[in-house]
Amino acid sequence: MEFVKFNKLWFLLILIAGIFSFLYLYYTLFPGNIPHDVYKYFSPAEIAKAQKYHKINRLIYISSFMAKALFLIWFTFGTGSLLFLRYTEKVSCGKYYLNVFLYFMALWLILRLISLPFSLISHFVQVEWGFSVQTMASWWSDYFKSTLLDFIFSSIGVLLLFIFLNKWPLTWWIAAFFFLTVVMFAQIYIYPNFIAPMFNKFTPIKDLKIINMVQEISRNAGIKIDKIQEMDASKRTTLANAYFYGFGSTSKIVLYDTLLKNYPDDEIKAVIAHEAGHWKENHVLKSLFIGTIGLFIGLYLLNIFIHSSITIHPNIKITPAVLSVIYLFILLINFDTNPIQNYISRQMEKQADLLSVEFLHSKEPVIKLQIDLAKRSLLDVSPPPFIEWFSYSHPSTMHRIELIEKAK
């Protein structure tokens, strides 16, 4: 087998990741001054505490990414992949798909082991700061369940990938695009009905007070919100949250029990109004369509990277070492396109915020919610502009408050 070729395309992808990593690390360590307007809503002590908390989490995040990236760069372009392949070929005794599976399993396991310490540290941080109530037994149970699911789905994906690559070496990515698009839409049904219940209990909300809120917001929004559920988040966290999921007949709003138990009625109503905004605008469906465009472009680029990095011979099955190329490409392209993905998400969140004001006919509860969430969850209310641009899926608290204050 030949070494995987390092070329200008890889240099560009790695260079962008390197620049973003440096800037992310720099602004994590040196966040700069806090705008004066922030002190209108938050005390210096609250701001300092939140900054300390997020500094720790950001260092964990960027360290985890860099550890995986450095390993995969060394493994892919150094001798690691070649030595690995020789070993799996020997163990598989010339059986091609067994060789593929062994190579995948070993690489997948190594990447899991690299990520594990950072996941554990993150859990300990959440416990120390009072946001996680999980025991280690509960945490390990979740970890092994999610790991098993990832292994099963990844194994199936890898098998299909190599079937596509060997059958259509030039156009495999088109077949992969149609298959993954079907999977993306199917998960709208599969995730809430089979995956999510493995980790949490979901029950229809029967509290008349909440039902009346939903009915009022439904009328104001001009939509029919007929599915709203409570999730038993309190068995893992003290943090409050909510989310909108699905489209059409699968649409539903999920509220954390921590939100329902610990927040005042007007703020709960503001949360429901925000999620109703996502419902009104079909944000899940729009995200799926945008995702399919990103998937098409990503697979097209991956095909270019594969063919420019590995020599593919006619009538000879492609080497399992292509997996290291794919893992590295996915890691880098997801990191490098973070700003694009998060920009799209922030625009949808802004739209939902403005609609929540419209549905409630009031700005006060929406602003009050943002302040309360920030204080209870230790949100970095005014992060460095680069950090927000690069990694925030929601606008920062101060930007949300400013947007809401300007709403008509």
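Residues numbered from 1 in each chain as written. Predicted model: local features only at pLDDT ≥ 70, side-chain atom pairs only at ≥ 80, totals over all residues. Heavy atoms only, no water.

Position of Leu285 among the secondary structure elements: in helix 10 (residues 283-309). For Leu285, a relative accessible area of 23% gives the class partly exposed. In sequence terms Leu285 and Leu72 are 213 residues apart; their C-alpha atoms lie 34 Å from each other. Leaving out residues up to four positions away in the same chain, Leu285 has contacts with Phe185 and Phe247. (Helix = DSSP H or I, 4+ residues; strand = E, 2+ residues; numbered from the N terminus. Buried < 20%, exposed > 50% of the residue type's maximum accessible area, 1.4 Å probe, protein only. Contact = heavy atoms within 4.5 Å.)

So, about the packing of aromatic side chains. As enumerated under the stated definition, the model contains 47 aromatic pairs in all. Taking the centre distance of 5.8 Å and the plane angle of 75° together, the rings of Phe20 and Trp389 count as edge-to-face. Residue Phe20 is located in helix 1 (residues 8-29), and its partner Trp389 is located in helix 14 (residues 385-391); the two are separated by 369 residues in the primary sequence. Taken together, a centroid distance of 6.4 Å and an interplanar angle of 65° make the contact between Tyr96 and Phe162 edge-to-face. Of the two residues, Tyr96 sits in helix 4 (residues 96-128) while Phe162 sits in helix 5 (residues 136-167), which places them 66 residues apart along the sequence. Per residue, the accessibility class of Tyr96 equals that of Phe162, and both read buried. Taken together, the ring pairs in this structure connect Phe20, Phe22, Tyr24, Tyr26, Tyr27, Phe30, Tyr61, Phe65, Phe335, Phe386, Trp389 and Phe390 into an aromatic cluster. Directly above the aromatic system of Phe202 lies the positively charged group of Lys252, at a separation of 5.4 Å from the ring centroid. Taking the ring centre of Tyr96 as reference, the NZ or CZ of Lys317 above it sits at 5.7 Å. (Phe/Tyr/Trp six-rings, centres within 6.5 Å; stacked < 30°, edge-to-face > 60°. Lys NZ or Arg CZ within 6 Å of the ring centre and 35° of its normal.)

Glancing now at the pairing of strand 4 (residues 252-256). Across the five residues of strand 4, five count as buried, placing the element largely inside the fold. Bridging between strand 2 (residues 228-231) and strand 4 involves four bridges; their strand directions are parallel. Paired with Met231 across the two strands is Tyr256, which belongs to strand 4. (Pairing = 2+ DSSP bridges.)

As a working rule, side chains carrying opposite charge can pair if their charged atoms are close by. Scanning all chains against the criterion turns up 12 salt bridges. Across the salt bridge formed by Asp142 and Arg236, the nearest N and O atoms sit 2.5 Å from each other. You can see Asp142 sitting in helix 5 and its partner Arg236 sitting in the loop between strand 2 and strand 3 (242-245), a full 94 residues away along the chain. Since its relative accessible area comes to 13%, Asp142 is described here as buried. Taking the relative accessible area as the measure of exposure, Arg236 reaches 16% and is therefore buried. Residue Lys235 pairs with Asp232 through a salt bridge whose shortest N-O separation is 3.6 Å. Classification of Lys235 as partly exposed rests on a relative accessible area of 41%. (Salt bridge = Lys/Arg side-chain N within 4 Å of Asp/Glu carboxyl O.)

The subject of this paragraph is helix 15 (residues 397-406). Within the span of helix 15, buried status applies to Thr397, Met398, Arg400, Ile401 and Ile404. Down the axis of helix 15, the buried set is contained in an arc of 160°. They therefore lie on one face. Turning to helix 15, the residues buried within the fold contact helix 9 (265-280), helix 12 (338-360) and helix 13 (364-377). (Arc of directions from axis to C-beta.)

Take unusual backbone geometry next. Backbone geometry follows two general trends: most residues other than glycine have a negative phi, and most peptide bonds adopt the trans configuration. Phi angles above zero are rare outside glycine, and His361 is one such case at about 60°. Tracing the sequence through the fold places His361 in the loop between helix 12 and helix 13. The phi dihedral of Leu378 falls on the positive side, at around 55°, and the residue is not glycine. The class for Leu378 is buried, based on a relative accessible area of 9%.

Following both chains from N to C, one finds helix 2 (residues 44-77) and helix 3 (residues 80-92) inclined at 65°, their axes separated by 4 Å at the closest point. Judged on the interaxial angle alone, helix 3 and helix 2 are roughly perpendicular. Two secondary-structure elements touch here, helix 2 through Trp74, Phe75 and Thr76 and helix 3 through Gly80, Ser81 and Phe84. Looking at side-chain class alone, the contact of helix 2 with helix 3 contains three nonpolar, three polar and no charged residues. (Axes fitted to C-alpha atoms, helices over the stretch in contact; angles between N-to-C directions. Parallel < 35°, antiparallel > 145°, perpendicular 65-115°, else oblique. Nonpolar A, V, L, I, M, F, W, Y, C, P; charged D, E, K, R; others polar.)

The next point concerns the pairing of strand 3. Of the pairings in the sheet, the one linking strand 3 to strand 4 comprises four bridges and is antiparallel in character. By the bridge assignment for strand 4, Tyr245 is matched with Lys252. In sequence, strand 3 turns back onto strand 4 through a hairpin of six residues, with Gly246 there showing a positive phi of about 90°.

Before going further, it helps to spend a moment on the sheet that holds strand 4. The sheet built from four strands is open, its strands ordered 1-2-4-3 with mixed pairing. Each of the sheet's edge strands pairs with one partner strand only, and the pair in question is strand 1 (202-204) and strand 3. Averaged over all pairs of adjacent strands, the angle between strand axes in this sheet comes to 30°, irrespective of strand direction. Of the strands in this sheet, strand 2, strand 3 and strand 4 touch helix 9, which is tilted by about 150° from strand 4.

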